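Report on the structure
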Amino acid sequence: MFASKVGTELDAHNVRRSFRAVLKKASLNEKEWTSREMRHSFVSLLSDSGVPLENISRLVGHRNTTVTETVYRKQLRPMLLEGAEAMDRLFENRPEQ
């Protein structure tokens, strides 16, 4: 369990307030950087690094990959594109019927 600076329970409000303080120190616009944006960036970076969808799903707390694929479909595009390209390579030398 994590606690706030004064020892109280670390809830969503405390996390958001601390996050805004970090953004301010970094001279970043807090309206452009939200915890949601950070979560999407996390998924994008993992996907771009080749982490399997099943692992990404577990890391963001989803029970299965369906929610991950639905919510983060734009972030997972490189992974999906890689799969499509692999299928193209598999079937590129097959004679047409």
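Residues numbered from 1 in each chain as written. Predicted model: local features only at pLDDT ≥ 70, side-chain atom pairs only at ≥ 80, totals over all residues. Heavy atoms only, no water.

1. Digging into the overall build of the protein chain
Put simply, the rule reads: A run of DSSP states H or I qualifies as a helix once it reaches four residues; a run of E qualifies as a strand once it reaches two. Both are numbered from the N-terminal end. Throughout, exposure labels follow a simple rule: accessible area from a 1.4 Å probe, protein chains only, divided by the maximum for the residue type, with under 20% read as buried, over 50% as exposed, and the rest as partly exposed. Residues are treated as being in contact if the distance between any of their heavy atoms lies within 4.5 Å. For the accessible areas, the method is Shrake-Rupley and the probe is 1.4 Å, while residue cover comes only from the protein chains on display.
Along its length, the protein chain carries five helices and zero strands. Secondary structure of the protein chain in N-to-C order comes out as α-α-α-α-α. A burial count over the protein chain gives 19% of its 97 residues as buried. For the protein chain, contacts bridging at least 24 residues in sequence account for 27% of all contacts bridging at least 6. As presented, the protein chain carries roughly 8200 Å² of accessible surface, and 55% of it is formed by carbon and sulfur atoms.

2. Describing the confidence of the model for the protein chain
Worth spelling out the cut-off: pLDDT measures the predictor's confidence residue by residue and takes values from 0 up to 100.
With 89% of its residues at a pLDDT of at least 70, the protein chain reaches an overall mean of 82. Per-element averaging of pLDDT across the protein chain places helix α5 (residues 77-91) at the bottom with 75 and helix α3 (residues 53-59) at the top with 92.

3. A word on a negative patch on the surface
Rule in force here: Like charges within 9 Å and nonpolar side chains (Val, Leu, Ile, Met, Phe, Trp, Tyr) within 5 Å are joined into patches, using only residues over 30% in relative accessible area that form no salt bridge. Within this document, salt bridges are pairs made up of a side-chain nitrogen of Lys or Arg and a carboxyl oxygen of Asp or Glu, the two lying within 4 Å of each other. Positive charges come from Lys and Arg, negative ones from Asp and Glu, while His and the chain ends are left out of the count. Working definition for charges: the position is that of NZ of Lys, CZ of Arg, CG of Asp or CD of Glu.
Side chains of Glu82, Glu85, Asp88 and Glu92 sit close together on the surface and give a patch of like negative charge. For glutamate 85, the location among the structural elements is in helix α5.

4. Concerning helix α2 (residues 35-48)
Our working definition: For a helix, the expected span equals 1.5 Å multiplied by the residue count minus one. Directions from the helix axis toward the C-beta atoms define the arc.
Spanning 14 residues, α2 covers 20 Å between terminal C-alpha atoms, matching the ideal 20 Å at 1.5 Å per step. For α2, the full list of buried residues reads His40, Val43, Ser44, Leu46 and Ser47. Axial view of α2: buried residues confined to an arc of 165 degrees, hence all on one face. Summarising the geometry of α2, the exposed residues directed more than 90 degrees from the buried face are Ser35, Leu45 and Asp48.

5. Considering the nonpolar core
A general feature of soluble globular proteins is that nonpolar side chains tend to end up buried together. Counted only if it meets this: Nonpolar cores are built from buried Ala, Val, Leu, Ile, Met, Phe, Trp, Tyr and Cys residues. Side-chain atoms within 4.5 Å join them into one set.
Formed by Val43, Leu46, Val51, Leu53, Ile56, Val60, Tyr72 and Leu76, the largest nonpolar core amounts to eight residues. For this core, the elements supplying multiple residues, two or more each, are α2 and α3.

6. With respect to a nonpolar patch on the surface
The grouping of Phe2, Leu10 and Val15 at the surface amounts to a nonpolar patch, some 310 Å² of accessible area in total. Among the structural elements, valine 15 can be located in helix α1 (residues 12-25). The exposure class assigned to valine 15 is partly exposed, which follows from its relative accessible area of 44%.

7. Here we look at α1
Between its terminal C-alpha atoms α1 stretches 20 Å, which fits the 20 Å expected from 14 residues at 1.5 Å a residue. Where α1 terminates, the next one or two residues include serine 27, which has phi positive at roughly 60 degrees.

8. Here we look at a positive patch on the surface
A cluster of basic residues, Lys5, Arg16, Arg17, Arg20 and Lys25, forms a positive patch at the surface. By the element assignment, arginine 17 lies in helix α1. Relative accessible area serves as the criterion here: at 43%, arginine 17 is assigned to the partly exposed category.

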